[in-house]
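Chain and residue survey
Chain by chain, the residues run as shown.
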Amino acid sequence: DITASILDDSVALIVKLHYSKGGPRTACLSSGLLTPEGKLVGGTLWLPPPPGAAKWAVKHTECDYPKVITLSRMVIEEDVGKNAASLMLGSNVKTLRADGYQVAVTYADRLEGHTGGVYQASNWVYVGETATRPRWVDPEGAMRSLRCTVNISAKEARARGWKRVPGLPKAIFVYAVNRRYRKNVEAMRKPYPVLAPA
């Protein structure tokens, strides 16, 4: 369980630091990384995956559908030590394991220049790329969905000043939260590609 204050603090930091400029107000798990002085310098939000992603994970790892979880947001201040993100992920995984989750999935967005280096350093398994999809961006630079709060049309999005921009494939990473699924996850491993700059 999480308290509203932890979630609110994590979301506030994510709004400040994450390229999406926002985050959901609910989560299965929310964590914060604190300095010894108590300053919040990192945060994560974990959510149930979209149905398609959950079905894909079940098919390839043989895990249980309700036991798949997605790392939706992770941020960390630039001046924090280089191992801080890995430490935060490791702590999160221990909590997820205790809560009965089996497999975790996350994505590295190449359009934002992310390669997934922290996931590779934390023993997540690279399994391929998503399909390329365009995205919508509002006048402030925040990513938007046509299904954000109420469904809107592309015409309505343009009337709000949103622009449709080209996308790039996202790198997919999977982690066996429950060690029982490690062999199945490892069987999905692909060599990480040499990526051209986004």
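In what follows, the accompanying structure is described. (Residues numbered from 1 in each chain as written. Predicted model: local features only at pLDDT ≥ 70, side-chain atom pairs only at ≥ 80, totals over all residues. Heavy atoms only, no water.)

Take the overall build of the chain next. Assigned secondary structure in the chain consists of 6 helices and 9 strands. Residues counted as buried form 39% of the 198 residues belonging to the chain. Within the chain, residue pairs in contact and separated by at least 24 positions form 70% of the contacts whose partners lie at least 6 positions apart. A total accessible area of about 11400 Å² is found for the chain, and carbon and sulfur atoms account for 52% of it. (Helix = DSSP H or I, 4+ residues; strand = E, 2+ residues; numbered from the N terminus. Buried < 20%, exposed > 50% of the residue type's maximum accessible area, 1.4 Å probe, protein only. Contact = heavy atoms within 4.5 Å. Areas by Shrake-Rupley, 256 points an atom, 1.4 Å probe, with all protein chains shown as cover.)

It is worth spelling out helix H2 (residues 51-61) at this point. Among the residues making up H2, those that are buried are Ala 53, Ala 54, Ala 57 and Thr 61. In a view along the axis of H2, the buried residues occupy a sector of 100°, so they form one face of it. Exposed positions of H2 whose direction lies more than 90 degrees from the buried face are Pro 51, Lys 55 and Lys 59. Following H2 by one or two positions, Glu 62 has its phi on the positive side, about 65°. (Arc of directions from axis to C-beta.)

Read from one edge to the other, the open sheet built from 6 strands follows the order E1-E2-E3-E4-E9-E5, with strand pairing classed as mixed. Single-partner strands in this sheet number two, and they are strand E1 (29-34) and strand E5 (125-129). Here the average twist between neighbouring strands, direction ignored, is 25°. Relative to strand E3 (residues 68-76), strand E2 (residues 40-47) is paired through 6 bridges, and the arrangement is antiparallel. Across the sheet, the residue bridging to Leu 47 is Thr 70, located in E3. (Pairing = 2+ DSSP bridges. Axes fitted to C-alpha atoms, helices over the stretch in contact; angles between N-to-C directions.)

Among the 5 residues in E5, 4 count as buried, and that is most of the element. For E5 and strand E9 (residues 170-176), the ladder comprises 4 bridges, and the chain directions are antiparallel. Among the inter-strand pairings, Val 125 is bridged to a residue of E9, identified as Val 174.

Turning to the pairing of E3, a few remarks are in order. With 7 of 9 residues buried, E3 is to be regarded as a mostly interior element. Two strands pair when backbone bridges link them, and E3 and strand E4 (residues 103-109) are joined in this way by 3 bridges, in the parallel orientation. Across the sheet, residue Ile 69 finds its bridge partner in E4, namely Ala 104. The parallel pair E3 and E4, bridged by helix H3 (residues 84-98), forms a crossover whose chirality is right-handed. (Right-handed = clockwise from strand over helix to strand, strands pointing away.)

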